[in-house]
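# Summary of the model geometry
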Amino acid sequence: MGCYTPAMNSFPDDDPRIPGQATLQADLERYERLIFELMTQEDLDGLYALYDRWVEQFGDSPRAIALCNALDDFIEVCIEDSGKGDPAVEQAYLDLVATVQQGKR
């Protein structure tokens, strides 16, 4: 499977297994603060659980892969964050939100 980025595909063929933007954004809402705060073990466990749920629920359509890749990228950047306000965390979160916004409303 290849990696997809938000700019590569607008996902016109939304998979019915993937919920709308509002639902996906609600899943992410509690993690937005990680742009400004260090991730705790509870945050990491929650992000891994969310990732596992998305992988299981969404299947392997291009949109599902893009969403899960973007979430995985955000998780990895948060793990690497040293707490010094790394702009990579904000960029990874914005990329994840952009990927979410490319789907059905």
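Here's a quick rundown of the structure. A quick note: this is a predicted structure, and the numbers were derived from the prediction, not measured.

The rules we used
- Residues numbered from 1 in each chain as written.
- Predicted model: local features only at pLDDT ≥ 70, side-chain atom pairs only at ≥ 80, totals over all residues.
- Heavy atoms only, no water.
- Salt bridge = Lys/Arg side-chain N within 4 Å of Asp/Glu carboxyl O.
- Buried < 20%, exposed > 50% of the residue type's maximum accessible area, 1.4 Å probe, protein only.
- Axes fitted to C-alpha atoms, helices over the stretch in contact; angles between N-to-C directions.
- Helix = DSSP H or I, 4+ residues; strand = E, 2+ residues; numbered from the N terminus.
- Parallel < 35°, antiparallel > 145°, perpendicular 65-115°, else oblique.
- Left-handed = near helix turned anticlockwise from the far one by under 90°.
- Contact = heavy atoms within 4.5 Å.
- Patch = residues over 30% accessible without salt bridge, like charges linked within 9 Å, V, L, I, M, F, W, Y side chains within 5 Å.
- Areas by Shrake-Rupley, 256 points an atom, 1.4 Å probe, with all protein chains shown as cover.
- Lys, Arg positive; Asp, Glu negative; His and termini not counted.
- Charge placed at Lys NZ, Arg CZ, Asp CG, Glu CD.

Moving on: the pattern of salt bridges. Scanning the entire structure with this criterion turns up four salt bridges. Of the charged contacts, one joins Arg33 and Glu37 as a salt bridge, the two residues approaching to 3.0 Å between their closest N and O atoms. With a relative accessible area of 40%, Glu37 lands in the partly exposed category. Connected through salt bridges with shared partners, the residues Arg33, Glu37 and Asp43 form a single ionic network.

At a minimum axis distance of 9 Å, the contact between helix α1 (residues 21-29) and helix α4 (residues 87-101) shows a crossing angle of 160°. As far as their axial angle goes, α4 and α1 are roughly antiparallel. Helix-helix and strand crossings are classified by hand; for α1 and α4 the assignment is right-handed. Contact residues: α1 offers Gln21, Leu24, Gln25, Leu28 and Glu29, while α4 offers Tyr93, Leu96, Val97, Val100 and Gln101.

In this fold, Ser61 is placed in the loop between α2 (41-58) and α3 (62-80). We classify Ser61 as buried; its relative accessible area is 14%. Those residues in contact with Ser61 that sit more than four places away from it in its chain are Asp15 and Ile18.

The subject of this paragraph is the environment of Val77. Among the secondary structure elements, Val77 is positioned in helix α3. Since its relative accessible area comes to 18%, Val77 is described here as buried. Put simply, Val77 and Glu90 are 13 residues apart on the chain and 9.3 Å apart in space, counted from C-alpha to C-alpha. Setting aside residues no more than four positions away along its own chain, Val77 makes contact with Ala88, Val89 and Ala92.

Residues Asp73, Glu76, Glu80, Asp86 and Asp95 make up a contiguous surface patch of negative charge. With three residues, the single largest contributor to the negative patch is α3. Along the chain, the position of Asp86 falls in the loop between α3 and α4.

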